[in-house]
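Each chain, written out:
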Amino acid sequence: MAHARFESLGVHLPDTVTSTEELLRRMHRPPRFDLEELTGIKNRRTHDTRPDSYEDSFVLATKAASRCLHRSRYRADELEVLICASVTRLKDGNRFHFEPSFASMLARALGADSAIHFDVSNACAGMLTGVLVLERMIASGAVRNGMVVSGEQITPIAETAAREIRTARDPQVASLTVGDSGAAVILDRSGDPMDRIHHVELATFADQAQSCIAMPSEHSQGFAMFTDHAHPQSPERLDRWPAFYDAVLERSGTTFEHERFDHVVHHQVGTRVIDAMDRAGEAFFATPMPASLRTVEEHGNTSSTSHFVVLHEHLKTGVLRRGAKVLLVTAGSGGVTGCLSATLSSLEA
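The sections below set out a description of the structure shown in this document. (Residues numbered from 1 in each chain as written. Predicted model: local features only at pLDDT ≥ 70, side-chain atom pairs only at ≥ 80, totals over all residues. Heavy atoms only, no water.)

With mixed pairing, the 5 strands of this open sheet are ordered in space as β1-β9-β8-β4-β7. In this open sheet, the two edge strands, each paired with only one partner strand, are β1 (3-12) and β7 (116-119). Strand-to-strand, the axes of this sheet are offset by a mean angle of 15°, without reference to chain direction. Bridge analysis of strand β8 (residues 145-152) against strand β9 (residues 181-190) gives 8 bridges, and the strand direction is antiparallel. (Pairing = 2+ DSSP bridges. Helix = DSSP H or I, 4+ residues; strand = E, 2+ residues; numbered from the N terminus. Axes fitted to C-alpha atoms, helices over the stretch in contact; angles between N-to-C directions.)

Okay, here's the thing in structure tokens:
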């Protein structure tokens, strides 16, 4: 079996910064709780709304993919696979696209005309799901390289929430934490154990399938997301990721302590949830957690792109150094849990 690596990374963050304070001022009835203190989110990026430079999901994905290709050894026409993992598939304004696939439209726009292309849908775990599929394709020898990309114009759910929330217990409160972004990664074959995806595994726990649901609003025009407030920090939910990952490590004949990670990156839900996830891992494995990387304070929850936004921003600052071993821990609607272990020696920001 061959191994895969992360060959290049591209991220696009819109220029517009919207503070939590500004977002709350738009609400019909601002909450009595301190959302910034509760979530740790001070700012988030929001898409450009000017007609001549409008940033829908497709534009965000295209910009991220172009930046990824700019840093890559591959041209677009050399990509063998293109997988799109966007939750939001908005193109041409506010049109939500199912067919043709976003991947097919992105392949044409980028010039990846010969690439196998398809979409995957797995909520906030979408990009890691795409990476899992592509990693397996490379490991089996079916292909030599490919791109996983996502564009998330997801702040419209925050606009819906601002219009509709009436109480602090409203299930749309979590919608106020999101931010827009695009991210793309290229994977190829690796012959270097210090530049490799070691393993990526995902699982769905369907008993939590109703904990977070997105759909058209029943009260106004727009998309809405409804979340069980108790779900992210319930003891059962917090213990799920280390228990799942422990089983993965046991099958590989190793332990968390033996893996000697430099960093862990959780899904960027909020600072309190990330801290609780770290504590749960530390208690389960009975060993200190590696340094936890986050960007949620300034970018909010960017949905399926969140792990790669974190990697990009910490590569820029130099906190994430060449040869670092990282653990990406995902969580998504539908009860998805998963972990990806990789040593990163090729990525630049």
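Let us keep going from here.
The subject of this paragraph is the environment of Asn-301. Tracing the backbone shows Asn-301 in the loop between α10 (296-299) and α11 (306-317). Of the residues examined, Asn-301 reaches a relative accessible area of 9% and is grouped as buried. Sequence separation between Asn-301 and Gly-179 is 122 residues, and the spatial gap between their C-alpha atoms is 5.7 Å. With near-sequence residues (within four places) excluded, Asn-301 lies in contact with Thr-177, Val-178, Gly-179, His-267, Gln-268, Val-269 and Val-296. In terms of polar contacts, Asn-301 uses its side chain to reach the backbone amide nitrogen of Ser-303, at 2.9 Å. (Buried < 20%, exposed > 50% of the residue type's maximum accessible area, 1.4 Å probe, protein only. Contact = heavy atoms within 4.5 Å. Polar contact = N/O pair within 3.5 Å; in protein donor to acceptor, adjacent residues only side chain to side chain.)

A few words now on the environment of Asn-145. Its location among the elements puts Asn-145 in strand β8. Distance in space between the C-alpha atoms of Asn-145 and Val-131 is 11 Å, their sequence separation being 14 residues. In this structure the side chain of Asn-145 is engaged in a polar contact, spanning 3.4 Å, whose partner is the backbone oxygen of Glu-78. Among the polar contacts listed, one links the side chain of Asn-145 to the backbone nitrogen of Glu-80, at a separation of 3.0 Å.

Turning our eyes to something else, we now look at the packing of helix α3 (residues 57-70) against helix α4 (residues 102-110). Contact geometry of α3 with α4 gives a least axis separation of 11 Å together with a crossing angle of 50°. Classified by the angle between their axes, α3 and α4 sit oblique to one another. Where α3 crosses over α4, the handedness of that crossing is right-handed. Within the contact between the two elements, α3 uses Ser-57, Phe-58, Ala-61, Thr-62, Ala-65, Ser-66 and Leu-69 and α4 uses Phe-102, Met-105, Leu-106, Ala-109 and Leu-110. For the contact of α3 with α4, the per-class residue count stands at 9 nonpolar, 3 polar and no charged. (Parallel < 35°, antiparallel > 145°, perpendicular 65-115°, else oblique. Left-handed = near helix turned anticlockwise from the far one by under 90°. Nonpolar A, V, L, I, M, F, W, Y, C, P; charged D, E, K, R; others polar.)

Here, disulfide denotes a covalent bond that connects the sulfur atoms of two cysteines. Taken as a whole and judged by the stated rule, the model has 0 disulfides. In this model Cys-84 remains outside any disulfide bridge; the closest cysteine sulfur is found in Cys-68, 13 Å from its own. Overall, the relative accessible area of 0% leaves Cys-84 in the buried class. Cys-124 provides the cysteine sulfur closest to Cys-339, a residue in no disulfide bond, and the two sulfurs are 16 Å apart. Under the relative-accessibility criterion, Cys-339 is labelled buried at 1%. (Disulfide = S-S within 2.5 Å.)

As a further point, take the pattern of salt bridges. Applying the stated rule across the entire model yields 20 salt bridges. With a closest N to O distance of 2.7 Å, Arg-272 and Glu-37 form a salt bridge. Taken as a pair, Arg-272 in helix α9 (residues 271-285) and Glu-37 in helix α2 (residues 35-39) lie far apart in primary sequence, 235 residues in all. Residue class for Glu-37 comes out partly exposed when judged on its relative accessible area of 47%. Through salt bridges with shared partners, a single ionic network connects Arg-5, Arg-73, Asp-188 and Asp-195. (Salt bridge = Lys/Arg side-chain N within 4 Å of Asp/Glu carboxyl O.)

Here we come to helix α5 (residues 126-139). The terminal C-alpha atoms of α5, which comprises 14 residues, lie 20 Å apart, in line with the 20 Å expected from a rise of 1.5 Å per residue. Counting buried positions along α5 yields 12 of 14 residues, so the element is predominantly enclosed. Every buried residue of α5 is listed here: Gly-126, Met-127, Leu-128, Thr-129, Gly-130, Val-131, Leu-132, Leu-134, Glu-135, Met-137, Ile-138 and Ala-139. Two residues or fewer past α5, Gly-141 is found with a positive phi of approximately 90°. (Expected span 1.5 Å × (residues − 1).)

Looking along the chain, the bond that leaves Glu-99 and enters Pro-100 is cis, with omega of -5°. At Ala-123, a position not held by glycine, the phi torsion is positive, near 55°. According to the relative accessible area criterion, Ala-123 is partly exposed, its value standing at 23%. Even without being glycine, Ala-286 reaches a positive phi, approximately 55°.

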